[in-house]
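These are the residues of each chain, in order.
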Amino acid sequence: MVIINTYLQMVSKPQQFDVMVMPNLYGNIIGNLGAGLIGGPGIVSGMNLGDQFAIFETGTRNSGRSIQGKNIANPAAMLLASSQMLDHLGLKDHGKLIRESVKKVISEEKIHTPDLGGQATTLQVVQAIVKDIKEKTQQ
């Protein structure tokens, strides 16, 4: 598929895609679009798996310079990438705990940074996630 057609198809009929394999440049373009379609770069994690190495990171190459030092960055993508790393290392219960807490804070408690339409700070989101993890582990 030509990249521009893929881009248009992702916007108009994203359900037709499951797994996409492509070179790095095209992957960045489509990955950034996908992140935008589901909420933005602050909530999408990514992993690159090779035969000998694995890298876990945010799912887009957004440097965030415009929000640097403002305490408004969404920490979800980095925390979700960390949970994927824990899964990869065989610490699946730990990864699941972090992932479920992130999802609960964003979806149920609706504690959102400005990129998701909220007013919470980075610190407030992290504190809510840590609180949820503590509650789950002290039972």
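Cut-offs applied
Residues numbered from 1 in each chain as written. Predicted model: local features only at pLDDT ≥ 70, side-chain atom pairs only at ≥ 80, totals over all residues. Heavy atoms only, no water. Helix = DSSP H or I, 4+ residues; strand = E, 2+ residues; numbered from the N terminus. Buried < 20%, exposed > 50% of the residue type's maximum accessible area, 1.4 Å probe, protein only. Contact = heavy atoms within 4.5 Å. Areas by Shrake-Rupley, 256 points an atom, 1.4 Å probe, with all protein chains shown as cover. Lys, Arg positive; Asp, Glu negative; His and termini not counted. Charge placed at Lys NZ, Arg CZ, Asp CG, Glu CD. Core = buried A, V, L, I, M, F, W, Y, C linked by side-chain atoms within 4.5 Å. Expected span 1.5 Å × (residues − 1). Pairing = 2+ DSSP bridges. 1 Å grid on protein atoms, 1.4 Å probe; cavity = no way out; pocket = protein on both sides within 12 Å on 5 of 7 lines; lining within 4 Å. Points joined across faces, edges and corners; volume = space filled by probe spheres on them. Nonpolar A, V, L, I, M, F, W, Y, C, P; charged D, E, K, R; others polar. Arc of directions from axis to C-beta.

Another point: the overall build of the protein chain. Broken down by element type, the protein chain carries five helices and two strands. Traced from its N-terminal end to its C-terminal end, the protein chain shows the element sequence α-α-β-β-α-α-α. Oriented by its inertia axes, the alpha-carbon framework of the protein chain measures out at about 50 × 35 × 30 Å. Residues classed as buried in the protein chain amount to 27% of the 139 residues present. In the protein chain, of all internal contacts separated by at least 6 residues, the share reaching a separation of at least 24 is 49%. Summed over its atoms, the accessible surface of the protein chain is roughly 9300 Å², and 56% of this surface lies on carbon and sulfur atoms. Charge centroids of the protein chain, computed over 13 positive and 11 negative side chains, lie 5 Å from each other.

On to the nonpolar core. Formed by Ala76, Leu80, Leu86, Ile98, Val102, Val105, Ile106, Ala120, Val125, Ala128 and Ile129, the largest nonpolar core amounts to eleven residues. Top element by residues in this core is helix 4 (residues 92-108). It accounts for four residues. Non-local contacts of Val125, meaning those with residues more than four positions away in its chain, are made with Pro75, Val105, Ile111, Thr113 and Ala120.

Bringing helix 3 (residues 76-88) into the picture now. For helix 3, spanning 13 residues, the distance from its first C-alpha to its last is 18 Å, which sits close to the expected 18 Å at 1.5 Å a residue. For helix 3, the full list of buried residues reads Ala76, Ala77, Leu80, Ala81, Ser83, Leu86 and Asp87. Along its buried surface, helix 3 packs onto strand 1 (45-49), strand 2 (54-58) and helix 4. Following helix 3 by one or two positions, Gly90 has its phi on the positive side, about 90°.

Position of Leu33 relative to the elements: it lies in helix 2 (residues 24-38). In this structure the C-alpha to C-alpha distance between Leu33 and Met10, which are 23 residues apart in sequence, comes to 8.0 Å. Not counting chain neighbours up to four residues away, the residues in contact with Leu33 comprise Tyr7, Met10 and Val11.

A separate point is the pairing of strand 2. Relative to strand 2, strand 1 runs antiparallel, the two sharing five bridges. Bridge pairing links Met47 to Phe56 in strand 2.

Now for the layout of surface pockets. In this model, the largest pocket occupies a volume close to 780 Å³. Lining of the largest pocket is provided by 28 residues; of these, Met20, Gly27, Ile30, Gly31 and Val44 occupy positions nearest its centre. Among the secondary structure elements, those contributing two or more residues to the lining of the largest pocket are helix 2, strand 1 and strand 2. Of all the elements, helix 2 adds the most residues to the lining of the largest pocket, at nine residues. For the lining of the largest pocket, the per-class residue count stands at 14 nonpolar, eleven polar and three charged. Along the walls of the second largest pocket sit 17 residues, with Gly42, Asn62, Ile67, Ala73 and Asn74 positioned nearest its centre.

Let's shift gears to helix 5 (residues 122-137). When the terminal C-alpha atoms of helix 5 are compared, their 23 Å separation across 16 residues agrees well with the 22 Å that a helix rising 1.5 Å per residue should span. Looking at helix 5, one finds that the buried residues are Thr122, Val125, Ala128, Ile129 and Asp132. The arc enclosing the buried residues of helix 5, seen along the axis, measures out at 140°, which places them on a common side. Considering only its buried residues, helix 5 is in contact with helix 3 and helix 4.

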